[in-house]
Structures are given as C-alpha cells and as structure tokens.
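Summary of structural features
Spelled out from the first residue to the last, the chains are:
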Amino acid sequence: MTQRLKDKVCIVTGGAQGIGLATALKFAREGASLAVWDLTQAGIDEAIRRCREAGAPAEGWVVDVTNREGVDTAARGVLERFGRIDVLVNNAGITQDARLQKMSAEQFDRVIDVNLRGVFHCAQAVVNPMVEQGFGVILNASSVVGLYGNFGQTNYAASKFGVIGFTKTWSRELGPKGIRVNAVAPGFVMTHILDTIPEKVLQEMKHRVPLHRLGTPEEIANVYCFLASDEASYVNGAVLEVSGGMSV
Ligand code: NAD
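Residues numbered from 1 in each chain as written. Predicted model: local features only at pLDDT ≥ 70, side-chain atom pairs only at ≥ 80, totals over all residues. Heavy atoms only, no water.

**Quick look at the pairing of strand S1 (residues 9-13)**
Stated precisely, the cut-off is as follows: Relative accessible area decides the class of each residue, using a 1.4 Å probe on protein chains only: under 20% of the type maximum gives buried, over 50% gives exposed, and in between gives partly exposed. Secondary structure elements are defined from DSSP: runs of H or I of at least 4 residues count as helices, runs of E of at least 2 residues count as strands, and each element is numbered from the N terminus. At least two bridges found by DSSP between two strands is the condition for calling them paired. Consider the strands pointing away from the viewer: the crossover is right-handed when the path from the first strand over the helix to the second runs clockwise.
Within S1, five of the five residues are buried, leaving the element largely enclosed by the surrounding structure. Side chains Val 9, Ile 11 and Thr 13 of S1 all project onto a buried face; the interleaved residues Cys 10 and Val 12 project onto the opposite face, where all are buried too. Judged from the five bridges that link them, S1 and strand S2 (residues 33-38) form a sheet pairing that is parallel. Its bridge partner being in S2, Cys 10 is matched across the sheet by Leu 34. Crossover S1 to S2 through helix H1 (residues 18-29) is right-handed. Pairing geometry for S1 and strand S4 (residues 87-90), over three bridges, is parallel. Its bridge partner being in S4, Val 12 is matched across the sheet by Val 89.

**Structural notes on the layout of surface pockets**
Stated precisely, the cut-off is as follows: In the cavity and pocket records, a cavity denotes points on a 1 Å grid over the protein atoms alone where a 1.4 Å probe fits but cannot get out, a pocket denotes an open set with protein on both sides within 12 Å along at least 5 of 7 lines, and lining residues are residues with an atom within 4 Å of a point. Grid points are joined across faces, edges and corners, and a volume is the space filled by probe spheres set on the points. Throughout, the ten residues Ala, Val, Leu, Ile, Met, Phe, Trp, Tyr, Cys and Pro are labelled nonpolar, Asp, Glu, Lys and Arg are labelled charged, and all others, Gly among them, are labelled polar.
Of the pockets and cavities examined, the largest pocket occupies roughly 770 Å³. Lining the largest pocket we find 40 residues, and of these Asn 91, Ala 92, Gly 93, Ile 94 and Ile 193 sit closest to its centre. Elements represented by at least two residues in the lining of the largest pocket include exactly H1, S2, helix H4 (105-133), helix H6 (154-174) and helix H8 (217-228). Tallying contributions element by element places H1 first for the lining of the largest pocket, with three residues. Each residue belonging to the lining of the largest pocket can be placed in one class, and the counts come to 20 nonpolar, 15 polar and five charged. Taken as a whole, the second largest pocket spans an internal volume of roughly 200 Å³. Lining the second largest pocket, in full, are Asp 97, Asn 150, Phe 151, Gly 152, Gln 153, Phe 188, Ile 197, Pro 198, Val 201, Met 205 and Arg 208. The residue makeup of the lining of the second largest pocket, split by class, is six nonpolar, three polar and two charged.

**Overview of the site of the ligand**
Filter applied, for reference: We define proximity as follows: a residue is near a molecule or strand when any one of its heavy atoms falls within 4 Å of that partner. N or O atoms within 3.5 Å of each other form a polar contact, as long as, within protein, one can give a hydrogen and the other can take it, and as long as residues adjacent in sequence are counted only when both atoms are side-chain atoms. Think of it this way: if more than half of a molecule's atoms are within 2 Å of a pocket's grid points, that molecule is in the pocket or cavity.
Around the ligand sit 27 residues, and of these Asp 38, Asn 91, Tyr 156, Val 189 and Thr 191 come closest. Within the side chain of Tyr 156, a nitrogen or oxygen atom sits 2.5 Å from an oxygen atom of the ligand. Between the ligand and Lys 160, the relevant distance is 2.9 Å, taken from an oxygen atom to a side-chain nitrogen or oxygen of the residue. Judged by its atoms lying within 2 Å of the grid points, the ligand is housed in the largest pocket. Secondary structure elements with two or more residues in the shell around the ligand: H1 and H6. Tallied by class, residues from the shell around the ligand come to 14 nonpolar, ten polar and three charged.

**Regarding the sheet that holds strand S3 (residues 58-62)**
Which entries qualify depends on this criterion: Under this scheme, a helix contributes an axis fitted over its contacting stretch, all axes are lines through C-alpha atoms, and angles between N-to-C directions fall in the 0 to 180 degree range. Any pair of residues with heavy atoms lying within 4.5 Å of one another is described as a contacting pair.
The seven strands are arranged S3-S2-S1-S4-S5-S6-S7 in an open sheet whose pairing can be described as parallel. The sheet is open, and its two borders are formed by S3 and strand S7 (239-242), each paired with just one other strand. The average angle at which neighbouring strand axes cross in this sheet is 15°, direction not considered. Two strands pair when backbone bridges link them, and strand S6 (residues 179-186) and S7 are joined in this way by four bridges, in the parallel orientation. Residue Pro 186 lies in a different strand from S7, and its bridge partner there is Val 242. Set on the sheet, H8 makes contact with S4, strand S5 (136-141), S6 and S7; between it and S6 the angle comes to about 165°.

From the geometry alone we can't say anything about function, so treat these as descriptive.
Okay, structure coming up:
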C-alpha cells in the first residue's frame, strides 16, 4: 500500500503523549519524517524511539510553544535537519478549569498563552519556508468546546474558538500560496488531559455520544493524517468535528 505522507516533513507539537504521540506514530507509519516538539527530553526521547521503530527518520526538540525564541530556534533546527517543513500539527494544549466566578487571571492567561499564542508562534515560525516551497499544511487542534463552549472552561473555550478564527483567517491568507489550513475539533478523547474530569462526568459524556464511548487518540490521529495528506487537497478552512456525533 502506498504511504500517504511519504517523505513529508512533519512537526507535531505536544508530540510526546496523547493525541500528539498517536499522530506522530501514525505519520511515521505513513512515510513521514518527524519533528517532535514537547516540554521534556525524556518524553521526546521515547516518542522519537517509537517513531524510528515505525521506520521514520525522527528528531526531537525541547520546545515550550509559549517561548517565541525557542519556537523559532526549533523551526530553524527542523529546516537544517530535514531541508523543508511540509506539515505543522499545532497540537500542544492544556486545560486549567474553573467556573467564571472562580477563574484566576493566571489560569486565564496560562491557557490562552499555550493554546492560542503558542499556535500563533508555531504557525509564524513555519509559514515563510512553506510560502517559499509553495506548499504546506497547517492543522490546528480545536475542540468541541471551541464549537459549543463548556461548563468550567472559559479560558479553554476562548482559546479553542480562537484557534478556529486562526484557521479561517490563515486559510484565506495562505490558500493562494499553496498552503492549506484546517482545524480538528475532537470530542472527549482518552488521554491525560481528562485526568481532572470526575468519573461521573465522563460517564455522562459517554451517554451523550451516540457511539456510547470516548474517542481514542488513534481515531484523532487518523483524521490529522487524512488532512495532512494529498487526499485532502481540496479541504481548506474546514473545522472537522471528530466526536462520535456528540453534538447531533
Ligand atoms: P495531553 O495532555 O495528553 O498532551 C498534551 C501534550 O502537549 C503533552 O505532551 C504536553 O507536554 C504538551 N504541552 C503542553 N504544554 C506545552 C507547551 N507549552 N509547549 C509544548 N508542549 C506542550 O493532551 P491531549 O488530550 O493529547 O490533547 C492534545 C490536544 O488536543 C490539545 O490541544 C487539546 O486541547 C486537544 N483536545 C483534546 C481532547 C481530549 O479529550 N483529549 C479533546 C479536544 C481537544
């Protein structure tokens, strides 16, 4: 079978665990070269080991997406190592939940900084090489919370709605230059990001989903893979909800 990302150089932010790791591994199996960006060397090393095991050239960079200089340095490193940047998956994200009446300014700022400013930093760091190549794909992690809001997630909802604004704006700006920009809006997916959600709430979530279960990281990775590949050559400015039909 032909590999759908053969020789594509792909950056996955937050690629050391959860949806990011599943995406890096899926891309590795589909023939991509991987640049894994995350916060800790140990997490990155393990992700790189598994990508290489799957047959991919892979390198890691310790990057905090909120740090502009660090992001620019890592992007230069990817160009030096691989010669081009074809795909950026803006996956790194965090939650710090509290109801409006209780949310601190620090909680608000931190989530906006990682989930929104971080996405802006990473996109800006790769856009010029993509324009020069006349080719690129930028994929942004939104959420069903970025479509419908959610109790206790003022900061997270704002960031994930914001990511959709980025996606639509960049798809207009960059489409003429051969760069497609899309967002994925997962429902509730089994990763550590759900660790702080009470079991009772997770059970209620499952019942709201017509498929009666949470998603797996691999099910989101499959959608990123499709959007990153040339099979999605006419998909631009889209927000793809991947939630088992949660909102129906
Ligand atoms: P996760 O917590 O399992 O993984 C997030 C990864 O991002 C971690 O490896 C973490 O170290 C990294 N990260 C965090 N802050 C960073 C920073 N400042 N710089 C670089 N890396 C950083 O989370 P996940 O569930 O895999 O989520 C991945 C993305 O998908 C997030 O953007 C999240 O908002 C989104 N999402 C997740 C779900 C879900 O239910 N799991 C649903 C909708 C959207």
